[in-house]
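Listed below are the residues making up each chain.
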Amino acid sequence: MSNIQGSAGIAPSLDQIQVEHRSSISIIRLSRPQKRNAISDGLMAALGHHIAELPESTRAVVLAGEGEHFCAGLDLGELKERDAVEGLHHSRSWYYILRELEQGRRPVIAALHGAVVGGGLELATACHIRVADDSAFFALPEGSRGIFVGGGGSVRISKLIGAHRVLDMMLTGRVYKAAEGTALGLAQYHVPAGEALTKAIELAERVATNAPMTNYALIQGLPRIAEQPADHGFLTESMLAAIAQSAPEAKARVKAFLDGTGPKVRA
Ligand code: 1HE
């Protein structure tokens, strides 16, 4: 049973997530392709379980979906069984697990293809880097289902592309294709169809070579600094910079550059 608070009482469906640990990265795959990786309670609990159980050696994570689509969002088959109070706690359980993903110790790179819709887009936007291949499309069909975003999308997606665009997506059912969605900020990378996972793994392996303290400071610091008044942000930044610079690994990396053995920035 997962020790994640958000999924307390829900047995993780461990067969709905596959995890592969490589030397410095872990690849987490939503593995329910017959239901287009729709997020059941058990799948979400399994995601929380695997995030909590990542090995110490994992320095970056790739999140992908098996089959033709990244994720069709909330499992609508489970929705009808919830009353209002259960619905509230259900949202809270998503917030808890997505926060573990977003504010954990490792950067998470999402490999997106096919449908990235509803709760699938909410899940993707809790990741730090998104790679969309040309088959990816983004939508928030909640409006047409008579429901509302409940996995943090009104906060995270609005911050990425603006509340006015989220409003349009939900009111009109607008679908953004990969190129347009990427241009708006829903993904940072747009690659040919079929190449999202390869690119995400390449990025994760690059990210995994950074000093862990730098990655941690980025994940924890940047979103919080963005929420702070500028004067507070400068103070937070200076403290994170001081902590990162004091790590022995930072000193060794700077010395290597000055010795001519560290990597140069290349265009
Ligand atoms: C599902 C789900 C699902 C597919 N819940 N079962 N999300 C949506 O409103 C999106 C609903 N899904 C779709 O629009 C389409 O399925 C897709 C565009 C994603 C894929 O289309 P396609 O033609 O490849 O697959 P399909 O034939 O529609 O679906 C295959 C099976 O998956 C089928 O079940 P089957 O038993 O008939 O084979 C579908 O019923 C099932 N399936 N998507 C349950 N979402 C925290 S709040 C978040 C709120 C939301 O996310 S609301 C948005 C929900």
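Preceding block: the structure.
Throughout, residues of each chain are indexed from 1 in the direction in which the sequence is written. A pLDDT threshold of at least 70 governs which residues receive local features in this predicted model, and a stricter bar of 80 or more applies before side-chain atom pairs are shown or counted, although totals over entire chains, interfaces and linings include all residues. In computing side-chain properties, one takes all heavy atoms of the structure into account and sets aside hydrogens as well as water.

Brief notes about the state of the cysteines
Logical step 1: Here, the term disulfide refers to a pair of cysteine sulfur atoms separated by no more than 2.5 Å. One pass over the structure, following the stated rule, counts 0 disulfides.
Logical step 2: With no disulfide partner, Cys 71 has as its closest neighbouring cysteine sulfur the one in Cys 127, 11 Å distant.

With respect to the sheet that holds strand 8 (residues 176–177)
Logical step 1: One open sheet accounts for 3 strands, arranged 5-7-8; its pairing is mixed. Where the open sheet ends on each side, the last strands, each with one partner, are strand 5 (115–117) and strand 8.
Logical step 2: We treat two strands as partners when DSSP finds at least two bridges between them. Numbering goes from the N terminus for both helices and strands, where a helix is a DSSP run of H or I of at least four residues and a strand is a run of E of at least two. Relative to strand 8, strand 7 (residues 137–139) runs antiparallel, the two sharing 2 bridges. Paired with Phe 138 across the strands is Tyr 176, a residue of strand 8.

Points about helix 6 (residues 153–161)
Logical step 1: Burial classification: accessible surface area is computed with a 1.4 Å probe over protein chains only, and a residue below 20% of its type maximum counts as buried, one above 50% as exposed, and the rest as partly exposed. Listed as buried for helix 6 are Gly 153, Arg 156, Ile 157, Ser 158 and Ile 161.
Logical step 2: In what follows, a contact means two residues having at least one pair of non-hydrogen atoms within 4.5 Å. Where the residues of helix 6 are buried, they touch helix 3 (84–102), helix 4 (119–124), helix 7 (163–172) and helix 8 (178–184).

Observations concerning the packing of helix 10 (residues 212–227) against helix 11 (residues 230–246)
Logical step 1: Look at helix 10 against helix 11: their axes get within 10 Å of each other, and the N-to-C directions meet at 175°. Here helix 10 lies roughly antiparallel to helix 11, going by the angle between them. In contact with Met 213, Ala 217, Gly 221 and Ile 225 of helix 10, helix 11 contributes Gly 233, Thr 236, Glu 237, Leu 240, Ile 243 and Ala 244. Only C-alpha atoms enter the line fits that serve as axes; for helices the fit covers just the stretch in contact. Angles between N-to-C directions range over 0 to 180 degrees. Throughout this description, any angle smaller than 35 degrees is read as roughly parallel, any larger than 145 degrees as roughly antiparallel, any in the 65 to 115 degree range as roughly perpendicular, and the remainder as oblique.

What to know about the site of the ligand
Logical step 1: Every one of the 22 residues lining the ligand counts as a neighbour, but Lys 35, Ala 72, Leu 74, Gly 119 and Arg 145 are closest to it.
Logical step 2: Taking Leu 76, its main chain carries an N or O atom lying 2.9 Å from a nitrogen atom of the ligand.
Logical step 3: Burial of the ligand by the protein amounts to 65% of the accessible area it has alone, namely 1,000 Å².
Logical step 4: Among the secondary structure elements, those contributing two or more residues to the shell around the ligand are strand 5, helix 4 and helix 5 (142–145).
Logical step 5: Side-chain classes follow a simple rule in which Ala, Val, Leu, Ile, Met, Phe, Trp, Tyr, Cys and Pro form the nonpolar group, Asp, Glu, Lys and Arg form the charged group, and the remainder, Gly included, forms the polar group. Residue composition of the shell around the ligand, by class: 9 nonpolar, 7 polar and 6 charged. Nearness here has a simple test: a residue counts as near a molecule or strand if at least one of its heavy atoms is within 4 Å of that partner. Pairs of N or O atoms are called polar contacts if they sit within 3.5 Å, as long as, within protein, a hydrogen donor faces a hydrogen acceptor (for residues adjacent in sequence, only side-chain-to-side-chain pairs). Computed with a 1.4 Å probe, the accessible areas rest on the Shrake-Rupley method; for each residue, only the protein chains presented here act as cover.

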